[in-house]
Protein chains: 2
Amino acid sequence: MSNFEAFFDYIQEISGKVLSEDDKHLLMAHFKTKKLRKRQYFLQEGDVCKYIGFIVKGSARTFTVDEKGHEHILKLSLENWWLADFESFYLLTPSRFNIEALEDLEVLQSTNAQIEEFLKHIPAFSAMANVISQNYTIANQKRMQAAMSYTAEERYEDLVSNYPQFLQRFPQNMIASYLGLSPETLSRIRKNSFK
Amino acid sequence: MSNFEAFFDYIQEISGKVLSEDDKHLLMAHFKTKKLRKRQYFLQEGDVCKYIGFIVKGSARTFTVDEKGHEHILKLSLENWWLADFESFYLLTPSRFNIEALEDLEVLQSTNAQIEEFLKHIPAFSAMANVISQNYTIANQKRMQAAMSYTAEERYEDLVSNYPQFLQRFPQNMIASYLGLSPETLSRIRKNSFK
DNA sequence: TCATGGTCTTGATCTAAATCAAGTTATTTG
DNA sequence: CAAATAACTTGATTTAGATCAAGACCATGA
């Protein structure tokens, strides 16, 4: 119950619309609470991402492993973020990504088919989806620009000012990987920036 | 007129829905043809991106200029692609990007306010918007992964297999910039790959 | 409680790709 | 058509950041 309160608030705030009691019951009937312990996987490479999850508590990382066995973190996620490999989720193709809990994780999850229903029947939900999709497009554009035009230092400064929570919640080596850096390089950047 | 035929076909194909005669008239009334000659700008850094354009003919690049005066191409666009800085277009903030015609360009353009109307009143248009937004999310995810995990060679091979048209339509130095490489490096990669 | 494995730092070395430079080939445009 | 400008190649040099290596500082659980 209390899980859903935060979820409902989130939908109403993002969408700027109100959820009716019927809407809420529909959501509660089809979003299931899923708990994962630290280091458990929400999604494994090769599996189809059947569920999309809304993070109620905890954090996660989305990453790939390249041929040399190196991990690359594409996304770090916290409370009130959505968790999924959207390519696999939309197209029902096997995922190239892994999603792993970095802290004990609690999500509200549902299936693609159910999401389609919510979009059709719950105006606040579909308005939220539009806003999120805009935000994602904008965030992706920014991240791509940063990856192409910025130096390692600049990318770190950017993260410090845009996602200060990350520094509190994620170990430094995860942040390095998210920025596309080796842990050693990030350590040196931080050392230099103390002056 | 004939411009609009291709546009209508595109909307119907992507959305999987049919446009009524009324829908078509609404679109024709509010999408204006805009022609740009090679090297003219569809959008200049600092301006708000008031229009979104659908490319009927020609090509364009979206790029930034960094402090050192270096250009970075974030997007290369061809026929049947949408042209805009979405951040600026959605939020009405000044753009950090330039959009320049690389060939003589013909677009059908409209404003944010008008697009909202189309989304509200034309089911095929709003279905199209959802599909495009999915495709963008997927494409961005892939591009980000490529930027983080792939070497220069791999990124080029990826482009050759996923966007072979680019090789026909864009000069090599533009492709280099799109891949985040210097023109010299791309030239050497191509030389090596002939064996 | 201590030992075991993960995390962070610091230094030395290496490497992929950028930069600098100069010449060659194409494309525009007056 | 010639002149000018842009695009491409090739070689020499530099550099940002990766990799390798080793020690210090932790958590956390048996």
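Conventions adopted
Residues numbered from 1 in each chain as written. Chains lettered and ligands numbered in written order. Predicted model: local features only at pLDDT ≥ 70, side-chain atom pairs only at ≥ 80, totals over all residues. Heavy atoms only, no water. UniProt positions renumbered as here; feature names shortened; annotations may be inferred. Helix = DSSP H or I, 4+ residues; strand = E, 2+ residues; numbered from the N terminus. Buried < 20%, exposed > 50% of the residue type's maximum accessible area, 1.4 Å probe, protein only. Near = heavy atom within 4 Å. Polar contact = N/O pair within 3.5 Å; in protein donor to acceptor, adjacent residues only side chain to side chain. Nonpolar A, V, L, I, M, F, W, Y, C, P; charged D, E, K, R; others polar. Axes fitted to C-alpha atoms, helices over the stretch in contact; angles between N-to-C directions. Parallel < 35°, antiparallel > 145°, perpendicular 65-115°, else oblique. Contact = heavy atoms within 4.5 Å. Least-squares fit on C-alpha atoms with pLDDT ≥ 70 in both. Phe/Tyr/Trp six-rings, centres within 6.5 Å; stacked < 30°, edge-to-face > 60°. Lys NZ or Arg CZ within 6 Å of the ring centre and 35° of its normal.

An unreviewed UniProt entry lists chain A under the name Crp/Fnr family transcriptional regulator, with Mucilaginibacter aquariorum given as the organism.

Before going further, it helps to examine the UniProt feature "domain: Cyclic nucleotide-binding" (unreviewed entry) in chain A. UniProt annotation of "domain: Cyclic nucleotide-binding" (unreviewed entry) refers to residues 34–120 of chain A when read in the numbering used here. Each end of residues 34–120 of chain A is marked by a C-alpha atom, and these two atoms are 25 Å apart; helix forms 17% of the span and strand 45%.

Apart from glycine, the bulk of residues carry a negative phi angle, and the bulk of peptide bonds sit in the trans form. Residues and elements named next belong to chain A. Of note, the phi angle at Asn-80 is positive, near 70 degrees, even though the residue is not glycine. Its location among the elements puts Asn-80 in the loop between β5 (71–77) and β6 (82–83). On the accessibility criterion, Asn-80 (36% relative accessible area) is partly exposed. Positive phi outside glycine occurs at Leu-92, with the angle close to 60 degrees. Structurally, Leu-92 is set in the loop between α3 (86–91) and β7 (98–101). Under the relative-accessibility criterion, Leu-92 is labelled exposed at 54%.

A few words now on the protein's contact with DNA strand D. The environment of DNA strand D is made up of 17 residues, and the closest members are A:Thr185, B:Gln172, B:Ser187, B:Arg188 and B:Lys191. Counting only the atoms of DNA strand D that lie within 4 Å of the protein, the sugar and phosphate share comes to 61%. Side-chain polar atom of B:Gln172 to a phosphate oxygen of DNA strand D: 2.6 Å apart, as the coordinates give it. Of all the secondary structure elements, the ones that give two or more residues to the surface near DNA strand D are α6 (152–162) and α9 (183–192) of chain A together with α8 (172–178) and α9 (183–192) of chain B. For the surface near DNA strand D, the element with the most residues is α9(B), which contributes 4 residues. For the surface near DNA strand D, the per-class residue count stands at 3 nonpolar, 8 polar and 6 charged.

This next bit is on the packing of helix α8 (residues 172–179) of chain A against α9(A). Residue and element names in this part refer to chain A. Two elements in contact, α8 and α9, have axes whose closest approach is 8 Å; the angle formed by their N-to-C orientations is 100 degrees. In terms of orientation, α8 lies roughly perpendicular with respect to α9. When α8 is examined against α9, the residues Gln-172, Asn-173, Ile-175, Ala-176 and Leu-179 are found in contact with a partner set consisting of Pro-183, Leu-186, Ser-187 and Arg-190. Considered class by class, the residues forming the contact of α8 with α9 number 5 nonpolar, 3 polar and 1 charged.

Within the structure, DNA strand C sits among 19 residues, and A:Gln172, A:Asn173, A:Arg188, A:Lys191 and B:Thr185 are positioned closest to it. Among all atoms of DNA strand C positioned within 4 Å of the protein, those belonging to sugar or phosphate total 63%. Between DNA strand C and B:Ala152, the relevant distance is 3.0 Å, taken from a phosphate oxygen to a main-chain nitrogen or oxygen of the residue. B:Glu184 places a polar side-chain atom, nitrogen or oxygen, 3.1 Å from a base nitrogen of DNA strand C. Put simply, the parts of the chain that give the surface near DNA strand C at least two residues each are α8 and α9 of chain A together with α6 (152–162) and α9 of chain B. When residues in the surface near DNA strand C are grouped by element, the largest group, 4 residues, is from α9(A). Grouping the amino acids of the surface near DNA strand C by side-chain chemistry returns 3 nonpolar, 8 polar and 8 charged.

Attention now goes to the relation of the copies chain B and chain A. In screw terms, the move from chain B to chain A is a rotation of 180 degrees and a rise of 0.0 Å along the axis, fitting with an RMSD of 0.0 Å. On this basis, the relationship between the two copies can be described by a two-fold rotation axis. Comparing interface residues between copies, 100% of those in chain B also lie at the interface in chain A; the contact surface is shared.

All told, the structure shown has 40 aromatic pairs over all chains when counted by the stated rule. On the basis of an interplanar angle of 55 degrees and a centroid distance of 4.8 Å, the ring pair of A:Tyr10 and A:Phe54 is categorised as tilted. On the criterion of sequence distance, the pair formed by A:Tyr10 in helix α1 (residues 2–15) and A:Phe54 in strand β3 (residues 51–57) is long-range, its members being 44 residues apart. Grouping residues by exposure puts A:Tyr10 and A:Phe54 together as buried. Plain terms: the ring middles of B:Phe89 and B:Tyr90 are 6.1 Å apart, the flat faces sit at 55 degrees to each other, and that makes the pair tilted. Residue B:Phe89 is classed as buried on the basis of its relative accessible area of 2%. A network of ring pairs unites the aromatic residues A:Phe4, A:Phe7, A:Phe8, A:Tyr10, A:Phe31, A:Phe54, A:Trp82, A:Phe118 and A:Phe125 as a single cluster. Positioned above the aromatic ring of B:Phe63 is the side chain of B:Arg61, whose terminal nitrogen or guanidinium carbon lies 3.8 Å from the ring centre. The aromatic ring of B:Tyr178 is capped on one face by B:Arg143, whose charged end is 4.0 Å from the ring centroid.

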